[in-house]
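Coordinates in review
Spelled out from the first residue to the last, the chains are:
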Amino acid sequence: MKTFLFLVTASCQQMRRLFGSKRDRANGQAFKTCMFLSIVTSAFLLGGSIAQGTEAPIHITGLASADGNQKALAIGLDGQLAVMLSTEKPVDASQFALFLNGRFVPELDDTFYDTRLHALIFHLQRNSANSSVWNGLLGSPMSLTSQMSVTLGARHPDNSTPQPTITGATAAPTFTFVILSPWRLLIATIAVLSTLVLVWGAARKSAVLKDNLIPQIDPKRQTYSLGRWQMAVWFSLVFACYVFLYILLGDPNTLSNQALMLMGISGATALSSIVVDAAKDTPTDGVNAGLRLMGIKSYTDVERIRKEITDRTLELGANDPPLPADRAAQLSAEILDRQAILRTYEEDITPFVSEGWFRDMVTDVNGTALHRLQVLCWTGLLGAIFVFEVWHNLAMPQFSPTLLALMAISGAGYVGFKYPEVQD
Amino acid sequence: MPAIEHVVVLMFENRSFDSMLGKLYPTDGTFDGLSGAESNVFAGRSVPVWSSEKMDPLSACIPDPDPGELFADMNTQLFGNPAGSGAVTMGGFVSNYISQKSEASSDPRAPMHYFRPEQLPVMSTLAKAFGVSDRWYASAPCQTWPNRFFAHTATALGCVNNSQFPIPFPAPSIFRRLESHNKTWRVYFHDLPQSLLLEDLWLVAPLHFRFMGQFFADAHTGALPNYSFIEPRYFANPIVREIPSDQHPPHDVVYGEQLLALVYNALRQSPCWKKTLFVVTYDEHGGTYDHLSPPSAISPDANSQNGFTFNRYGVRVPALIISPYVAQGSKIRPTNIKGAGTELPFPFDHTSIIATLRKVFDLGDPFTARDSVAPDLLPALNLASPVNLGPPTVSVPIVPVTTARSVASATMPSNHMQANLARMAYALPVGDGRQFTPTLHQIEISSLPLLATIARDRVKAFLRA
């Protein structure tokens with residue numbers, strides 16, 4: 001009787017879907033006819049099943065992990081979900097379709113019926129055929145887990161899209177889907193942070209993102225390089241997003257052609273700007289050459305001169321035993337000479353030290369440079385879009401060729417204008 | 001007397017008259033230039049005067065390396081022997097050049113080289129637009145310092161070579177004389193001003209010494225002092241990509257041309273122009289050939305060295321006399337009557353600057369016996385009113401200074417002038433209690449760029465005081 005009521009209810013639900021709500025139903029007569037046929041059919045099936053001695057129609061009795069554990073059930077991608085059925089008779093697993101949150105998840109290979117658990121075991125795998133479904137289920141994640149309802153549907157011989165007709169006894173059962181595994185998230189966070197620290201954290205103290213045209217300047221005071229900065233932005237974004245997608249989806253093939261092209265464009269821009277810097281004769285070359293002639297080839301030499309001043313000052317200040325007059329005069333002269341060299345050094349490098357990240361990015365010796373500003377703006381905008389798209393769609397965005405061409409033109413414009421430009 | 005209120009002197013380095021202006025008026029019998037037949041004999045072969053076909057950087061640096069310029073070298077160039085005995089022949093330039101240690105493998109023709117007018121467009125344009133003198137000699141057959149001191153003090157106090165001078169130089173200068181007569185003066189310089197050696201300027205130097213940029217500002221606003229003395233750039237500085245503009249061999253003469261053009265254009269556009277006398281000359285010939293024998297001179301004082309009493313002029317040097325009061329194409333020799341008259345017994349020399357200043361600004365008695373007989377330049381101002389305004393501008397030669405070029409220039413062996421200017425800078429009292437002054441030998445064997453750096457720093461510190 002229970003099965004009969006279930007079939008009647010299911011039939012009625014199907015009829016409603018087919019003919020709409022009662023109030024605006026236009027073809028009421030057809031509806032009534034179908035309802036009647038459904039009830040008759042259900043009664044016939046019920047009678048048949050009683051006559052054959054089989055169980056009532058299947059429903060989901062519970063959810064478990066593949067080993068049958070129903071407590072604190074938490075499964076993520078690549079995990080196995082056991083959907084326990086009300087029947088103890090083995091069923092053909094290939095005839096059932098899995099629905100998560102009402103979405104049909106196609107092409108789940110390795111689905112089988114576990115006779116011990118009386119359950120269908122679904123391997124929650126993501127592949128090219130179902131990736132869009134998973135993207136819809138997992139996209140825009142705001143927490144590590146989410147609750148997912150499970151329903152089943154019967155596959156049709158004609159391969160038409162199945163419908164979620166098999167639920168729990170009263171409602172669709174739910175389980176906790178692990179969007180991001182904490183330990184994988186931890187490893188990924190460490191990997192991403194390490195990269196970001198290496199690239200950006202050291203940027204202020206090292207010459208990684210600096211022009212380094214005058215190596216005699218303390219790396220902390222070197223001017224930021226727009227070309228290197230842009231390259232670092234795209235590298236960081238693509239790397240972080242790739243790691244994010246990998247830990248989320250377990251898919252190592254998320255890099256899109258467009259992401260590679262963005263990295264290529266930014267790399268080419270940075271490389272071209274270095275080539276231009278190396279090829280043209282700029283005031284920085286003069287300072288570099290002049291300081292070399294003064295014996296200052298790198299910042300290490302500056303530190304050496306400072307130390308020599310300190311050492312000589314200490315020796316000059318030592319009174320025990322008192323220094324001979326000629327030695328004191330010599331030390332004094334050597335200190336004065338080195339102080340003069342350092343004064344000249346400071347004077348010469350002053351126009352070439354960093355005035356802060358933003359000013360370094362957008363200005364040259366003539367002030368704000370439009371070609372620099374446009375590179376900065378487009379990189380920032382596309383970078384933000386890139387991050388949003390990855391978070392929202394769980395895939396590297398597919399930028400149009402026009403947009404990529406825009407980035408290339410922007411970079412080429414920067415390199416072209418850089419030739420006569422003087423970085424200050 | 002012409003209403004001259006501003007006298008501006010630009011003194012370059014170490015080029016003879018013939019090497020720069022010898023062919024300015026090649027067919028004019030009233031101009032004592034080169035005929036082309038002049039020569040020296042070396043190793044039995046005639047080495048004639050010559051000019052390079054091109055005006056590329058190599059040609060613009062001839063003679064390279066630097067010829068000898070010590071007193072003994074000049075004796076050899078003039079007399080054929082270092083003692084300076086016998087008659088002046090002007091026949092020892094090549095042999096002296098080849099005898100220099102660094103020049104043994106050099107082209108023996110180098111000191112006989114001259115630039116054609118088209119190779120020095122600024123100098124030749126101005127010479128023809130105003131006046132040129134073929135009778136201006138260095139004050140003594142000596143190095144830079146003695147001759148520059150003659151321009152400032154009318155004496156070298158008996159020193160013939162740069163390295164012999166006491167620092168500071170104690171003779172009273174024309175600058176303080178101007179000051180005592182309520183006349184204004186400034187020294188405009190690029191890196192190390194040689195005139196900072198003058199002892200009587202040390203106390204007032206910060207008030208009067210200005211970097212060259214100030215000259216252009218003063219000219220533009222009409223704030224030029226009564227007397228401006230301009231010193232070219234003596235040192236290369238790769239940091240700011242500067243190359244010497246002093247034309248001292250083997251420095252590229254084009255950068256001197258640039259400086260000359262810039263100074264003329266600034267003066268020409270200045271409100272002061274109609275009251276300005278602009279003199280361009282060279283301190284000494286620097287071992288480059290000139291065919292005219294220097295005449296005898298009046299000894300400035302009782303000082304002498306090894307029997308030389310400074311009773312001879314040095315080799316002829318170029319001199320341009322530029323003013324709206326000077327007629328176009330003037331060929332100027334010292335006379336007592338404006339534009340005519342009998343040639344005076346003494347030629348122009350650097351003390352003519354002092355004589356002119358004394359006369360223009362009524363500065364009183366001469367400094368020494370030399371400037372007492374030196375002809376002044378007022379007769380050269382041969383127009384009754386300032387009507388020869390000259391070309392509105394002259395083209396400034398554009399020769400980009402690359403880093404490689406400035407580095408090459410900075411790493412040349414130091415010349416005597418540079419080494420001694422560095423010595424001067426070390427001796428400047430900048431209030432740091434320095435007691436150790438390196439000897440000339442110590443400076444010469446050190447890195448010149450490093451010394452120049454320290455020297456520039458000390459000059460700046462001194463002038464800030």
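Residues numbered from 1 in each chain as written. Chains lettered and ligands numbered in written order. Predicted model: local features only at pLDDT ≥ 70, side-chain atom pairs only at ≥ 80, totals over all residues.

1. Remarks on the overall build of chain A
Stated formally: Secondary structure elements are taken from DSSP: a helix is a run of H or I of four residues or more, a strand is a run of E of two residues or more, and numbering for both begins at the N terminus. Residues with at least 20 neighbouring C-beta atoms inside 10 Å of their own are called buried, those with 12 or fewer are called exposed, and the rest are partly exposed, where every C-beta is derived from the backbone. Two residues form a contact once the distance between their C-beta atoms, set from the backbone, is within 7 Å.
Across its full length, chain A holds 12 helices and 12 strands. Within chain A, the proportion of its 424 residues that are buried is 27%. In chain A, the share of contacts with a sequence separation of at least 24, taken over all contacts with a separation of at least 6, comes to 71%.

2. Things to note about the confidence of the model for chain A
Residues and elements named next belong to chain A. Put simply, the test is: The quantity known as pLDDT measures the predictor's confidence residue by residue, on a range of 0 to 100.
Mean pLDDT over chain A stands at 81; residues scoring 70 or higher make up 85%. Least confident of the elements in chain A is helix H1 (residues 2-19), whose mean pLDDT is 47; most confident is helix H8 (residues 299-317), at 94. pLDDT under 50 marks residues 17-28. Its contacts with residues more than four places away, or in other chains, come to five contacts.

3. Side note on unusual backbone geometry
All names here are of chain B. Note the cis peptide between Ile62 and Pro63, where omega equals 0°. Within the secondary structure, Pro63 sits in the loop between strand S3 (45-48) and helix H2 (71-79). Of note, Asn182 is a non-glycine position whose phi angle comes to about 60°, a positive value.

4. A few points about the packing of helix H5 (residues 226-249) of chain A against helix H11 (residues 370-393) of chain A
Residue and element names in this part refer to chain A. What counts is decided by this rule: Helix axes use the C-alpha atoms of the stretch in contact, all axes being lines fitted to C-alpha atoms, and the angles between their N-to-C directions lie in the range 0 to 180 degrees. Oblique is the label for any angle not under 35 degrees, not over 145, and not in the 65 to 115 range, which are roughly parallel, roughly antiparallel and roughly perpendicular in turn.
Two elements in contact, H5 and H11, have axes whose closest approach is 11 Å; the angle formed by their N-to-C orientations is 0°. On the basis of their axis angle, the class for H5 and H11 is roughly parallel. Along the contact surface, H5 presents Leu226, Gln230, Val233, Leu237, Cys241, Phe244 and Leu245, while H11 presents Arg372, Val375, Thr379, Gly383, Phe386, Val387 and Val390.

5. Some details on the domain arrangement of chain B
Residue and element names in this part refer to chain B. What counts here: Domain borders in the structure are assigned automatically or taken from a domain database.
According to the domain assignment, chain B consists of domain 1 (6-380) and domain 2 (403-464). Relative to domain 2, the C-alpha centre of domain 1 lies at a distance of 23 Å. In this complex, domain 1 contributes 27 residues to the contact, which on the side of domain 2 involves 25 residues. Of all the secondary structure elements, the ones that give two or more residues to the side of domain 1 that touches domain 2 are helix H5 (144-153) and helix H7 (205-208).

6. With respect to the sheet that holds strand S10 (residues 330-332) of chain B
Residues and elements named next belong to chain B. Selection rule: Two strands are counted as paired when DSSP detects at least two bridges linking them.
A sheet is described by the order of its strands in space; here eight strands give the open sequence S6-S5-S7-S1-S8-S9-S4-S10, paired in mixed fashion. Edge positions in the sheet fall to strand S6 (209-211) and S10, since each has one partner strand and no second. Sheet twist, expressed as the average angle between the axes of neighbouring strands with direction ignored, equals 20°. Examined bridge by bridge, strand S8 (residues 276-282) and strand S9 (residues 319-322) share four bridges and lie antiparallel to one another. Bridge pairing in S9 links Val280 to Leu320. Sitting on the sheet, helix H9 (residues 253-268) touches strand S1 (6-12), strand S7 (227-230) and S8, and the angle it makes with S1 is about 175°.

7. So, the sheet that holds strand S3 (residues 80-85) of chain A
All names here are of chain A. Across the sheet, which stays open at both edges, the four strands sit in the order S1-S3-S7-S6 with antiparallel pairing between neighbours. Two strands lie at the open edges of the sheet, namely strand S1 (60-65) and strand S6 (112-114), each paired on one side alone. Mean inter-strand twist for the sheet, computed between neighbouring axes without regard to direction, equals 30°. In terms of strand pairing, S3 meets strand S7 (residues 119-123) through five bridges, oriented antiparallel. Bridge pairing links Ala82 to Ile121 in S7.

8. Regarding the interface of chain B and chain A
Here is the rule: Each residue is assigned to one class: nonpolar for Ala, Val, Leu, Ile, Met, Phe, Trp, Tyr, Cys and Pro, charged for Asp, Glu, Lys and Arg, and polar for all the others, Gly among them.
Across the boundary between the two partners, chain B contributes 23 residues, which contact 20 residues of chain A. Elements that contribute at least two residues to the side of chain B that touches chain A include exactly helix H12 (403-410) and helix H15 (448-464) of chain B. In terms of residues, the side of chain B that touches chain A owes the most to one element, H15(B), which gives six residues. For the side of chain B that touches chain A, the per-class residue count stands at nine nonpolar, nine polar and five charged.

9. Regarding the pairing of S3(A)
Remember that side chains alternate between the two faces of the sheet whenever the strand is regular. Across five bridges, S1(A) lies against S3(A) in antiparallel orientation. Residue pairing across strands places Ala64(A) opposite Ala82(A), the latter belonging to S3(A).

10. A few points about the nonpolar core
The condition is simple: A set of buried Ala, Val, Leu, Ile, Met, Phe, Trp, Tyr and Cys residues, joined through C-beta atoms within 7 Å, is what we mean by a nonpolar core.
Leu126(B) and Ile321(B) are the most contacted members of the largest nonpolar core, which has 154 residues in total. A total of 10 residues in this core trace back to one element, the largest contributor, which is H9(B). When sequence neighbours within four positions are dropped, the list of residues in contact with Ile321(B) reads Phe130(B), Gly131(B), Ser133(B), Val279(B), Val326(B), Ile332(B), Leu377(B) and Ala380(B). With 29 residues, the next largest nonpolar core counts Ala188(A), Trp229(A), Val233(A) and Val238(A) among its residues.

11. Topic: H12(B)
Stated precisely, the cut-off is as follows: The arc under discussion is defined with respect to the helix axis, by the directions toward the C-beta atoms.
Among the residues of H12(B), those classed as buried are Thr403(B), Ser406(B), Ser409(B) and Ala410(B). Along the axis of H12(B), the buried residues cluster in a sector spanning 130°; they form a single face.

12. A closer look at the confidence of the model for chain B
On average, residues of chain B score 92 in pLDDT, and 96% of them reach the 70 mark or higher. We note a pTM of 0.76 for the whole complex and an ipTM of 0.78 for its interfaces.

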